[in-house]
There are 2 protein chains.
Amino acid sequence: MQLQRPYLLFLGDVPDALAAKTAYGIVDWRRDWCVGQWRLPGCGADTGLPDVSVAEAIEAGAKTLVIGVVNAGGVLPAHWVSSIVEAMEAGMDVAAGLHSRLDSVPEIAAAAKAHGRALHDVRMSTQTFATGKGVKRTGKRLLTIGTDCSVGKKYTALALEAGMREAGMDAEFCATGQTGVFISGRGVAIDAVVADFIAGAAEWLTPETDENTWQVVEGQGSLFHPSFAGVTLGLLHGSQPDAFVVCHEPTRTNMRGVKTPLPTIQDVIDMTIALGKLNNPAIKPVGIAINTQALSEADAKAVIEDTGKAHGLPATDPVRFGVDPIVQRIKADFS
Amino acid sequence: MQLQRPYLLFLGDVPDALAAKTAYGIVDWRRDWCVGQWRLPGCGADTGLPDVSVAEAIEAGAKTLVIGVVNAGGVLPAHWVSSIVEAMEAGMDVAAGLHSRLDSVPEIAAAAKAHGRALHDVRMSTQTFATGKGVKRTGKRLLTIGTDCSVGKKYTALALEAGMREAGMDAEFCATGQTGVFISGRGVAIDAVVADFIAGAAEWLTPETDENTWQVVEGQGSLFHPSFAGVTLGLLHGSQPDAFVVCHEPTRTNMRGVKTPLPTIQDVIDMTIALGKLNNPAIKPVGIAINTQALSEADAKAVIEDTGKAHGLPATDPVRFGVDPIVQRIKADFS
């Protein structure tokens, strides 16, 4: 899948920033691929990009309308369809990461055909995978693991890729979700794979490589989330990480979208090792990434220091304070 | 999905009984739904049903040709197509549990249309599911859990359903695989569900029910299998079992199809509780089902006795010695 750039990011009328996290992620990591954002009345999200019309976006060279939102169930709201058709009429392809296919909406399928536009469903892999084999592969792998969904696993992986490269290491981000695929241009939306092939898709994503190359894999879900733990386990088994970083949001009390309480960081470390050692007996934690956006700077520093000490691991907020402590630990542990 | 009965079981030319385990399962549990078997030259499987021609099957009232085999990759061999078309021409619907859709074969799709026959892809759920919620539901649930794939989880669940009913309990088998769906007429092939919805599909399969009704859920895979553990975990979370039975094949050393060694029964008990308590803190083991078909009767009895004593649980081979010890334990623990 190769998306034509630059992008126009469509936010629709989603209620808040979290529902538009795909768009925010693209802006954070590939801002210069985006000509602007397109919001409908009532939209509660704002990526900070200029608000542009379809005509202005085309003028600025936009090639693809990216539906930069995730909504519950992944269904495309009916009142967005005319906007999407308008973008195609003006000259853009459309890319989305919804659970339903773009071409399952008759108006969209018809407009794509009439105007010769491409429809990219990032979550719908047309690719087939083998089942997982569990055989140890050469190269090094790091997986970001969450105490919950939406705690910063993708950001942490992207920040680690950048930080490790700055430190002279060979690192490549491996995308497992729609935003990651938009950002890296490669990858697999692992939660959209048929259940039998989760681990196999993760093995495809992280093939044999040079002994000193790090594949930095974007984690998904949580081993303790009642909706998605199966995806998390298949990804853990398939990516057979040597190292993992626990990602945590300290103000959250319930797992996102359900009533299940959050596990502790220690629960997550212990369970990740217990399950991950099946395919990599040497699996070990190398850091804790704490999403402190809800905290003051003083509180953030205190939580980070306390958490790091309590677990004997480097802790940081990758967005606020960078990933250097974790990169140094990786260098020290795997030199 | 409602399959018209009786069935004609198609075995093709599969090399051995294991490749035809779907057909054997149907014969074991629903023999009077079957008019006979249809084998091609070179077939190494034999369910013991009479070999009948298509004409004889129709004469006996056959309504559905069941492709009763699983082959590597789940692909339909090209040289079976003319037989399937012949059955449709004679008046039968076709049901299969392959990875590829029956109507993806042009000759089969054309014959179905020309003759007005139904094509049932048991592994391809056209149903959509919600994501798992993890909320405790009324009623009681039992899940069969394997040390490996293909160790007798479906047989154990079906034998428990029968044994619990004989003991005056209200029990219903819940199918999670293609053979189980053929046997029960309801269910979901859970390994064919999109990864995000494994737990949600398991919740759909085991809805709220009377407090004293037992849903006896067919397990899948193993928490320790590098190909399929994600499916197993999603099923464990979604079915939120009160009780589980560990299924084991004592002569196996490697997990089926891979080089990973088998876990111990204690490993499986501990990990099932550690993960299953997320949605049901009271989860507990109630027995061990040992597949002793490779052992002499004396050896089988010795293994069963030793294993039961070592774990403080009733142990049996459901096929060889029945499930009564486990049923009695369930009655005692949940009265």
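Rules used in this analysis
- Residues numbered from 1 in each chain as written.
- Chains lettered and ligands numbered in written order.
- Predicted model: local features only at pLDDT ≥ 70, side-chain atom pairs only at ≥ 80, totals over all residues.
- Heavy atoms only, no water.
- Helix = DSSP H or I, 4+ residues; strand = E, 2+ residues; numbered from the N terminus.
- Rg over C-alpha atoms; globule rule 2.2 N^0.38 Å.
- Buried < 20%, exposed > 50% of the residue type's maximum accessible area, 1.4 Å probe, protein only.
- Contact = heavy atoms within 4.5 Å.
- Lys, Arg positive; Asp, Glu negative; His and termini not counted.
- Charge placed at Lys NZ, Arg CZ, Asp CG, Glu CD.
- Pairing = 2+ DSSP bridges.
- Right-handed = clockwise from strand over helix to strand, strands pointing away.
- Buried area = accessible area lost by both parts, 1.4 Å probe.
- Salt bridge = Lys/Arg side-chain N within 4 Å of Asp/Glu carboxyl O.
- Polar contact = N/O pair within 3.5 Å; in protein donor to acceptor, adjacent residues only side chain to side chain.
- Nonpolar A, V, L, I, M, F, W, Y, C, P; charged D, E, K, R; others polar.
- Axes fitted to C-alpha atoms, helices over the stretch in contact; angles between N-to-C directions.

Peer 1: Break down the overall build of chain A for me, with residues and values.
Peer 2: Secondary structure assignment for chain A yields twelve helices and eleven strands. Here the C-alpha atoms of chain A give a radius of gyration of 20 Å, agreeing with the 20 Å that 2.2 N^0.38 yields for 335 residues. Within chain A, buried positions represent 58% of all 335 residues. Within chain A, residue pairs in contact and separated by at least 24 positions form 75% of the contacts whose partners lie at least 6 positions apart. Here chain A contributes 29 positive and 37 negative side-chain charges, whose respective centroids are spaced 4 Å apart.

Peer 1: So what's going on with the pairing of strand β9 (residues 243-248) of chain A? Residues and values would help.
Peer 2: All names here are of chain A. Counting buried positions over the six residues of β9 gives six, a clear majority of the element. Judged by which residues are buried, β9 turns out to be covered on both faces: Ala243, Val245 and Cys247 on one side and Phe244, Val246 and His248 on the other are all buried. The sheet contact formed by strand β6 (residues 140-146) and β9 spans five bridges and is parallel. Paired with Thr144 across the bridge in β9 is Val245. Of the pairings in the sheet, the one linking β9 to strand β10 (residues 284-290) comprises six bridges and is parallel in character. Across the sheet, Val245 pairs through a bridge with Gly287, a residue of β10. Following the chain from β9 across helix α9 (residues 265-276) to the adjacent parallel β10, one finds a crossover that is right-handed.

Peer 1: Run through the interface of chain B and chain A, naming residues and quoting values.
Peer 2: In this assembly, 35 residues from chain B lie in contact with 35 residues from chain A. Around 2600 Å² of area is buried between chain B and chain A when both sides are counted, 64% of it from carbon and sulfur atoms. Inspection of the region where chain B meets chain A yields zero salt bridges. Joining chain B to chain A, the criterion identifies six residue pairs in polar contact (both at pLDDT 80 or more). Counting residues per element, the ones that place at least two in the side of chain B that touches chain A are α7 (198-205), α8 (229-239) and α9 (265-276) of chain B. For the side of chain B that touches chain A, the per-class residue count stands at 20 nonpolar, eleven polar and four charged.

Peer 1: Requested: an account of the sheet that holds strand β2 (residues 34-39) of chain A, with residues and values cited.
Peer 2: Residues and elements named next belong to chain A. The strand order across the open sheet built from five strands is β2-β1-β3-β4-β5, with neighbouring strands paired in parallel fashion. The open sheet has two edge strands with one neighbour each: β2 and β5 (119-121). Each neighbouring strand pair of the sheet contributes to a mean axis angle of 20 degrees, computed without reference to strand direction. Pairing of strand β3 (residues 64-67) with strand β4 (residues 93-96) involves four bridges; the strand directions are parallel. Directly across from Thr64, in β4, lies its bridge partner Asp93.

Peer 1: Tell me what's going on with the pattern of salt bridges, and back it up with residues and numbers.
Peer 2: For the structure shown, the criterion picks out 20 salt bridges over all chains. Where Glu161 of chain B meets Arg165 of chain B, a salt bridge forms, and the shortest distance between an N and an O atom there is 3.2 Å. Placement of both Glu161 of chain B and Arg165 of chain B in helix α5 (residues 153-166) is noted, with a separation of four residues, approximately one turn of the helix. With relative accessibility at 10%, the residue Glu161 of chain B sits in the buried group. For Glu305 of chain B, the salt bridge goes to Lys309 of chain B, with nearest N and O atoms at 3.1 Å. Note that Glu305 of chain B and Lys309 of chain B are positioned in helix α10 (residues 297-311) at a spacing of four residues, about one turn of the helix. Through salt bridges with shared partners, one network takes in Arg39, Asp46 and Asp51 of chain A.

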